[in-house]
Amino acid sequence: MRQQYHFRRSKDGELLIWNVTKLIEITQGMSVILMPLDTIQELDEAFWYDLGGGKPTCRNIAQHAKLIQQTDLTYPIILCHEGRVMDGMHRVCKALMQGATHIKVVQFAKPILPHFIDVDPETLSY
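A quick note: this is a predicted structure, and the numbers were derived from the prediction, not measured.

Conventions used here
Residues numbered from 1 in each chain as written. Predicted model: local features only at pLDDT ≥ 70, side-chain atom pairs only at ≥ 80, totals over all residues. Heavy atoms only, no water. Buried < 20%, exposed > 50% of the residue type's maximum accessible area, 1.4 Å probe, protein only. Helix = DSSP H or I, 4+ residues; strand = E, 2+ residues; numbered from the N terminus. Contact = heavy atoms within 4.5 Å. Pairing = 2+ DSSP bridges. Axes fitted to C-alpha atoms, helices over the stretch in contact; angles between N-to-C directions.

Enquirer: Break down helix 3 (residues 89–97) for me, with residues and values.
Expert: Burial analysis of helix 3 places seven of its nine residues in the buried class, which makes it a mostly covered element. Considered for burial, the residues of helix 3 that qualify are M89, H90, R91, V92, C93, K94 and A95. Residues of helix 3 that are buried in the fold lie against helix 2 (58–70), strand 4 (77–79), strand 5 (85–87) and strand 6 (102–107). Phi turns positive one or two residues past the end of helix 3, at G99, with a value near 85°.

Okay, here's the thing in structure tokens:
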């Protein structure tokens, strides 16, 4: 798996960053549930583009489409305690494209502290 990070802005505008590999490690052994795709808010948001993660050019969309095709729905997506996607948006898209109504999910019960705060994403190791 390629190194990935989840980015989100705090209410104060800080850039919060989680290492997805560490999130996956933390969620090992958590109960997996099925969640309706219709409850995934990010399906109707500019998820990959909100924080400046590139522009939705045709090339960038094609790159995401390739990742969507390659993803494995065996693995559950990871949601924060508020039900927001922290890892697995390509899996959500694949499930939607395949006509699924539900997806496997693990969800944190309480907030998980970010691994980095206000760090320039360009300085992270990939």
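Enquirer: Requested: an account of the sheet that holds strand 7 (residues 116–117), with residues and values cited.
Expert: The sheet built from three strands is open, its strands ordered 1-2-7 with antiparallel pairing. Single-partner strands in this sheet number two, and they are strand 1 (5–9) and strand 7. In the sheet, strand 1 pairs with strand 2 (residues 15–19) via five bridges, with the strands oriented antiparallel. Its bridge partner being in strand 2, Y5 is matched across the sheet by N19. Along the sheet, helix 1 (residues 20–27) contacts strand 1 and strand 2; its crossing angle with strand 2, the most-contacted strand, is approximately 60°.

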